[in-house]
Amino acid sequence: MNPSIESHTTCGPVAEKEKHRCELDANLELLRRVPAFAGAPLDRLRLFAFMSKRQRFSPGAFIIRQGDSAHTAYMVISGTAQVIKEFKTLSVLLNEFNEGDFFGGLALLTDFKRPFSVRALTDVCCLSVDRETFMRIFSQSPEVILQIVDSMMKRHSTMFDKFLEKLSPECIANLKL
Amino acid sequence: MIFDRSLFDWVLKSHRWQQLVLFLMIVLMVFLRIFPLEMQKRVINIAIQLKQLDTLYVYCALYLGAVVVAGVLKFVVNALQAYIGQKVLLKIRNQLYEHILLLPLPFFRKTPPGMVISSLTSELSVIGDFLGGAIAVPLINVLTLVTFAGYMFHLNPLLAVLSMSIYPLEIAIIPALQKRLNRLNFERIDTVRSMSNVIGEAVSGMQEVHANAGYSLENRKFGGFSETLFHLRNRMNILKNGIKFVNSFFQSLGPFLLFLVGGWLSIKGRLDLGALVAFLSAYEKLYDPWRELMDYYQDYQDSQVRYKRIMEYFHERPEFAVEPVGRDPYPLDGRIEMQNLSFTVDNGIRLLDQVSMKIDPGSQVALVGLSGSGKSTLAMVIGQIYSYNGGRVLVDGKELRTLTKMDVVSNMGYVAQQPFIFDGSLLDNLVYACDSIREYDRGGRECAPPSPSQVLQAISMVGLSDDILRFGLNTVLSPAHPIGAVEEIVRFRNRFHSKWGAALADSVEFFDYRRYLYHSSVAVNVTFGTPNRDEYKYHVLHQNPKFQEIVEESGLMRPLVVLGQDLAAQTVILLGDLIEDPFFVRQSPIPPNRLDHYRDLVERTAGMNADDLERADWDSFLLLALRFTPAVHTMAAFPEGLPSLIFRTRFHFIERITKEEPEAFTFYRDNNYLFNETILGNILFGKLKSDAPHAMEEVQQRVAELLDGESLHASLMGLGMEFQVGSKGDRLSGGQKQKIAIARALLKNPSILILDEATASLDNASQARIQHLIDSDLKGKCTVISVAHRLSTIESYDQIAVMRAGKVIELGAYDELLARKGLFYELINGTKEAAL
């Protein structure tokens, strides 16, 4: 029979044994690997996995665009994406996300302008979840919200430390933070 | 003026010859009513007493003839009077509406729409019923009364005087009651008006009501009025019935007097029996006309009250004449001169104060100032939407106040801050301004409707082309559409696929018969077409015998039911408790109203083998399986081999249907057009994949690119122009409405264009496009007066008038004003600071 008949429906690699498992369970498995969600009640997380969507990005496509308003968080299922700070004339590479990385998580809690862009380097498959879904499911679960704040703060403070390390003391003094 | 005319004026001055015919018929009818009484008397006194059979037959025949003719006449009179009444009503209604439309804008600021609507509809209808009988009813009944009374006098003066003696009593009591009724009626009208205003407000402010859950508050406002209305109606009914009671009570006193006195006279031999019978009949016959007169009196009072109330309300004069008399509308060049222009409203506030300015034809003026400075008011005065009460405005040397509406609208385009879009097609709205002028263009001047190419040009000037193309692409064609046009779309689809098919393969799952479609349902994958017959529609497909037979033959039936069982169980576990929340149920294969059914079903059949299921349960699971769309319903998955089995069944199904019922389905074949899909859906011929985030935009862009320069493009624009914009244009965005309003004004080719913050809802790119249009295409040809909200757009204007408190306090070019370091300088820098 034609090979296109029995293929999987959405993006992301599928192990041979998982071929006939439903996508919901696969997504649930992925989400449980994110520390922020690891401790969430399973039935809630299952609903969350059901409402999340797989998205595919070709190399060069923007997953997040700097300056856009934030309402979605992503988890990389496969591929590599780059975090970029865009300036008027040039862009600076800040970080890289690979399989299993979770990013944009603060968007689940509040609306803000994206400070960085994230661009697909290879073919990237992501699991995306939006704030409305998150709030409807987890607004009664403070532990999940705290976990997200915790993991995001850790990443931000690491970045901030790295950032300050690179600057001269005079420069920091001038910043008047 | 319409409000000076009395109610009877309308009746007396129209349909005069019909009314004359009516009058003659009434006179005849009254005579025919009295005639049988005389026959009656003669039957008793002559035929019976003298025992003459021949005479009896003659009198009876005459009696019958008179009764029949009177009946027919009554019917004709009723029909004619109702006809006249409705005719008069039609006239009042149309003229009143025409009058209302002409009333100045400030009138409508204080008049709620509900008020106008109830006046023109329900209140006037009641008057219409009265109008029909306004002349006929009193005439018939007074004549009848007089005739019968005369006849009674002729029979016996004494009895006649006695039986009439009760009427003066009634005439003394009834009007007093009626007066009180009228007062209540006035109150009732006011209450109904207030009530319709409350309804009108709630309906038009529904967004705010929902946003604040103001249901109970609004309901209480309404409830207050309906309560008042209830009490008023009650009191009115008591009074009305009181009047009826007084009437019939006095009326029934009559026969008492007649029997007493008439009987006495008869016994004494001073009155023959025939005369007494005739007298009694005549008296009885008096009752009907008298009652009708009473009813008429009540209706008359009621209508009079309503009519007065309506006319009082609209007692206002239009500010401008509509059409010039004895000449064509002036062609005006764009020169405008204001000399000490002032505009004072009722409470003495000066909205415009001593404004003087000269504007050359083809030049551009911006009006700026803080809100409330009078800039919009000035624009509206120049557009003749408001009148002014001090100083002068000269347009092409002619005083604006003396110009007719036609002079102004033929030369000026006015775009309001929040333009109004009427229910109808987009094209209707675009040509509204032109059509309005053409309405008044009775011969003489040539005024052609704008040609399609002119419309397209105006659309592209304001940047509406893409939107209209999209509306066109989203049209669902009916099967009655010309076949040539449909074939053109199919040809375009094939070209689109050969050009972009490969590039879009990642974003779109095309209807390719060699593939299983994971973004479509199992039903679609089996039938691979859209049903044209009701018995094959997807929601009843599982009960269709032929479908069942084919599925059974292919060995697909049992696997599908098992899939349905699994899908039902998984869905119930996941969403069973969320039935109330539409947010989560969106992606459920079970519609919310069936969730309870499936929850019971899953509980009842848990652990059961599919073969042991009852017929109805089997059907429920089959229906669910046919809905299964793997890319959406991620809670379940196909067991191994099932897609291949479905895929094989597809060919079997297509083969059988093609052979046995070829009309039942339109299959997804390259040359078939799907009439249940939009045109874009037919070009795409597939489903967008759920994991391609920007697929729709990509597809639309590619389609638009490929359409460029095609003849299909023009027909799609035509279809887009037929897009129904909805009530108040609510299917359009704010930006689209403004673009339509600008295009509508441009289509008139005006020599003066007034833009009252006309680009406020537009994005930066669209705004720049309009600005470019003003700077290049209109420069030198059309005087532009623009109330500006963004100061960045006005650098190139010839003059800028800075307004404060109704006065122009600075006037000059951009650089000049900046150098002066006055209010303009402050406004510019203020906005800069605010922007920072």
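What counts, and where the lines are drawn
- Residues numbered from 1 in each chain as written.
- Chains lettered and ligands numbered in written order.
- Predicted model: local features only at pLDDT ≥ 70, side-chain atom pairs only at ≥ 80, totals over all residues.
- Heavy atoms only, no water.
- Helix = DSSP H or I, 4+ residues; strand = E, 2+ residues; numbered from the N terminus.
- Expected span 1.5 Å × (residues − 1).
- Buried < 20%, exposed > 50% of the residue type's maximum accessible area, 1.4 Å probe, protein only.
- Patch = residues over 30% accessible without salt bridge, like charges linked within 9 Å, V, L, I, M, F, W, Y side chains within 5 Å.
- Areas by Shrake-Rupley, 256 points an atom, 1.4 Å probe, with all protein chains shown as cover.
- Salt bridge = Lys/Arg side-chain N within 4 Å of Asp/Glu carboxyl O.
- 1 Å grid on protein atoms, 1.4 Å probe; cavity = no way out; pocket = protein on both sides within 12 Å on 5 of 7 lines; lining within 4 Å.
- Points joined across faces, edges and corners; volume = space filled by probe spheres on them.
- Contact = heavy atoms within 4.5 Å.
- Buried area = accessible area lost by both parts, 1.4 Å probe.
- pLDDT = per-residue confidence, 0-100.
- Pairing = 2+ DSSP bridges.
- Axes fitted to C-alpha atoms, helices over the stretch in contact; angles between N-to-C directions.

So, about helix H29 (residues 734-746) of chain B. Residue and element names in this part refer to chain B. Taking 1.5 Å per residue as the helical rise, H29 with its 13 residues ought to reach 18 Å, and the 19 Å between its terminal C-alpha atoms agrees with that figure. With 11 of its 13 residues buried, H29 lies for the most part within the structure. Along H29, the residues that are buried comprise Gly735, Gln736, Gln738, Lys739, Ile740, Ala741, Ile742, Ala743, Arg744, Ala745 and Leu746.

Let us now look at a nonpolar patch on the surface. Residues and elements named next belong to chain A. A cluster of nonpolar residues, Phe87, Leu90, Val92, Leu94 and Met159, forms a patch on the protein surface that exposes about 410 Å² of accessible area. Note that Val92 resides in strand S5 (residues 91-97). The exposure class assigned to Val92 is partly exposed, which follows from its relative accessible area of 32%.

One way to see where empty space is left: roll a probe the size of a water molecule over the atoms. Residues and elements named next belong to chain B. One pass over the full model with this rule turns up three cavities of 30 Å³ or more. If you trace the second largest cavity, you find 15 residues lining it, with Thr759, Gln771, Ser786, Thr793 and Tyr797 closest to the centre. Those elements that place two or more of their residues in the lining of the second largest cavity are helix H30 (764-775) and strand S12 (783-787). Per-element tally for the lining of the second largest cavity: the top contributor is H30, with four residues.

Moving on, we come to the interface of chain A and chain B. Counting from both sides, the interface comprises 27 residues of chain A and, opposite them, 37 residues of chain B. In total, chain A and chain B occlude about 2700 Å² of area from one another, counting both sides; carbon and sulfur atoms represent 60% of this. Remark: the boundary between chain A and chain B carries two salt bridges. With a shortest N-O distance of 4.0 Å, Arg56 of chain A and Asp506 of chain B are connected by a salt bridge. At the level of elements, helix H1 (23-32), helix H3 (42-51), strand S1 (53-57) and helix H4 (131-138) of chain A are the ones that each hand at least two residues to the side of chain A that touches chain B. Top element by residues in the side of chain A that touches chain B is S1 of chain A. It accounts for five residues.

Right, let's talk about the confidence of the model for chain B for a bit. Atomic detail in the predicted coordinates should be set aside for any region of low pLDDT. All names here are of chain B. The pLDDT averaged across chain B works out to 86; a share of 98% of its residues lies at or above 70. Counted against residues more than four places away or in other chains, residues 832-836, with its pLDDT under 50, gives zero contacts. At the level of chain-chain contacts, confidence expressed as ipTM amounts to 0.84, with global pTM at 0.73.

To continue, consider the sheet that holds strand S2 (residues 350-359) of chain B. Residues and elements named next belong to chain B. Here we have four strands laid out as an open sheet, ordered S2-S1-S4-S5, and antiparallel in their pairing. Taken across any chain shown, the strands that pair with only one partner, and hence form the sheet edges, are S2 and strand S5 (398-399). Inspection of the sheet shows strand S1 (residues 336-344) paired to S2 by six bridges, in the antiparallel sense. Along S2, the bridge assignment pairs Phe343 with Leu352. Along the sheet, helix H12 (residues 375-382) contacts S1 and S2; its crossing angle with S1, the most-contacted strand, is approximately 115°.

Quick look at the environment of Val725 of chain B now. Residues and elements named next belong to chain B. One can find Val725 in the loop between helix H28 (711-721) and H29. Val725 gets classed as buried once you look at its relative accessible area, which sits at 0%. Linking Val725 and Thr527, residues 198 residues apart in sequence, is a C-alpha distance of 36 Å.

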